[in-house]
Each structure stands twice: as structure tokens, then as C-alpha cells.
Amino acid sequence: MKIATWNINGFAARLDFLKRWLQDRQPDVVGLQELKLIDDAFPHEEFRELGYEAITHGQKAWNGVAVLSRLPLEILQTGLPGHEEAGARLLTVMVDGDLEFTTVYCPNGKSVEHADYAAKLAWFDGLIEYWQSRDGANAVLCGDFNIVHTALDSWRGAAADGDIFHTQEERARLQAVLDLGLNDLYRDRHPDEQTFSWWDYRGGSCHRGHGLRIDLILGSDAVRDSLLQVATDRDYRKKQDGMTASDHAPVIAELA
DNA sequence: ATGGCTCTCGCGGAGAGA
């Protein structure tokens, strides 16, 4: 089974690109972030034709998450309890009656001085509390975490320590998420490799290797034990026949 | 030091993103 996470930076702007990727990579379950789309505008029929059912938790202009799946889905939770005012950022579904699949678009925080930063930390505290309330035995938590876990995950290395995305407080929150019994599938399999999932649109960052690894697939021990391979799909951070890419690449994991 | 690009809304240019 192939599972994936991808911040598409606008569903409407990425529709054709997304459909091409689905047909090319054939994932079974995909968590999408930053749809910037209301639920009623989602073209379910177009995706059924490709073999995918979708559950969306969207909103107008900002945020928005969804799960696409070739296997049967059932909604378990829409929105992070107690943090709905922060936007549509969390969706948990049951896949095929077996796998608890959560996708998140974690808050950005803007800057360490901004009020959104404190709200970001509080949102993570809410996520930790939410996860503690779930079973989590056969579970995936994937998405755009907007936190760079270690210096290896930033093109600037330790020089970025203390900046937004790289603060001790943010890293402690992400570590607390991992301490809930979740494994960072990419880092678990590739302890020493530097691979990014996001590159700024500006200044040729992608070409210059100026990126961050902030899009993660976390899995419970049962999921980790079934991991065959995991990779960032960098080809889809590049233009395809004139279609503009998201600033995030998909991350794909194959499970036994 | 800042912006460098792209998105949405909505029709100009601002705000957000990371």
C-alpha cells in the first residue's frame, strides 16, 4: 500500500497537476493540505473516475485538508478539537476499517514575535492531547508540520536554530508528538540523509538546494514495521508541461 | 536587511505562505 502526504498550495490551481501525479504514482491513500477550497466546490466525480474517493475538510481561501483513497473511507474527526478557530487543519479517517489516517496542516506561526506563534505552540499542544485520546495502534499522522525537526532538515543547518520553524519550543512540540509512539518514517529509514520537502518559490531555491524538510509521514510502530520504502517525490516539485508546481513536494511511503 | 514567487479574492493590490 502506497500512502502519501502533499501540501498542494491551492486545489484549484493544482487540479490538473494533482490528477497527473495520481495517475503517474498510483498512491492508495493521500493526505492533502492547503486546499484553499470550500467543501462544496470539490469535484468528487472527477476523482471517482480516477478511482479515488475523497473526504474534505475545507474552507474558503485558506487552509483546508483532504484525504483521497482507493480504499473505503469513514470520517472519524474533522478539525482539531478546541482549535477550530485556527482554521481547517486536521482530518482523521478510517481506511478500509483498519488504518487510522490523520492529515494535518499545522499553523505557520509567521514569526517568533507574532501572536500566531503562540497560537502555533498551543495548536501543537492540542494535537498532542487529541492524539492521546485516540487508539493509535495502527495509525498514520502525516502532513505539513511547519517545524524543522533537526539541523539536518534545514539547508541552513544549525545556523537557522532559533528562527521561526527552528525554535526549541517548536522542536519540543514535534518531539512530544513523536514521543506519543510515532515514528518519522523518512528519518527512521534514512538517519543521516539530507532531503527536503519544501523549497521557496523565490530565487531559484529548489535549483540551489535551499529547502526544508517539514512534510512528514509519522507512523505507529505497526506502520513503521511494515515500511518498505519512503521518499520525497522531487519530480513533482518541478513544472510539468507548463503546469506550475506547489512549493512542496509529495512524500510517499510504501507499506507491506 | 529585504525581496526574490505564487496563491486567493476579485478586479487592484494586499495578505499569507515558510
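Whatever comes next refers back to the structure up there.
In this text, all values refer to a predicted model and were calculated from it rather than measured experimentally.

**What to know about the sheet that holds strand E5 (residues 73-78)**
What the six strands build is an open sheet, ordered E5-E6-E7-E8-E12-E9; its pairing is mixed. Every interior strand has two partners, whereas the edge strands, E5 and strand E9 (183-184), have only one. Against the sheet, helix H4 (residues 168-178) makes contact with strand E8 (139-144), E9 and strand E12 (215-219), and its axis sits at roughly 30° relative to E12, the strand it touches most.

**What about the sheet that holds strand E3 (residues 53-57)?**
Spatially, the six strands line up as an open sheet ordered E3-E4-E2-E1-E14-E13, and their pairing is mixed. Where the open sheet ends on each side, the last strands, each with one partner, are E3 and strand E13 (227-232). Sheet twist, expressed as the average angle between the axes of neighbouring strands with direction ignored, equals 10°. In the packing of helix H1 (residues 11-25) onto the sheet, contacts are made with strand E1 (2-7), strand E2 (29-33), strand E4 (65-69) and strand E14 (251-255), and the angle to E1 comes to roughly 160°.

**A look at the pattern of salt bridges**
Summed over the entire model, instances satisfying the criterion amount to 21 salt bridges. Close ionic contact of Asp241 with Arg20 constitutes a salt bridge, the shortest N to O distance being 2.7 Å. Here Asp241 is found in the loop between E13 and E14, whereas its partner Arg20 is found in helix H1, with 221 residues between them in sequence. Note that Arg187 is salt-bridged to Asp153, the shortest N-O span being 2.6 Å. Here Arg187 is found in helix H5 (residues 185-189), whereas its partner Asp153 is found in the loop between E8 and H4, with 34 residues between them in sequence.

**Overview of helix H3 (residues 115-132)**
Its 18 residues place the ends of H3 26 Å apart at the C-alpha level, agreeing with the 26 Å of an ideal helix rising 1.5 Å per residue. Those residues of H3 that sit buried are Tyr117, Lys120, Leu121, Trp123, Phe124, Gly126, Leu127, Ile128, Tyr130 and Trp131. Those residues of H3 hidden inside the fold are in contact with E5, strand E6 (90-95), strand E7 (99-105), E8 and H4.

Rules behind the numbers
Residues numbered from 1 in each chain as written. Chains lettered and ligands numbered in written order. Predicted model: local features only at pLDDT ≥ 70, side-chain atom pairs only at ≥ 80, totals over all residues. Heavy atoms only, no water. Pairing = 2+ DSSP bridges. Helix = DSSP H or I, 4+ residues; strand = E, 2+ residues; numbered from the N terminus. Contact = heavy atoms within 4.5 Å. Axes fitted to C-alpha atoms, helices over the stretch in contact; angles between N-to-C directions. Salt bridge = Lys/Arg side-chain N within 4 Å of Asp/Glu carboxyl O. Expected span 1.5 Å × (residues − 1). Buried < 20%, exposed > 50% of the residue type's maximum accessible area, 1.4 Å probe, protein only.

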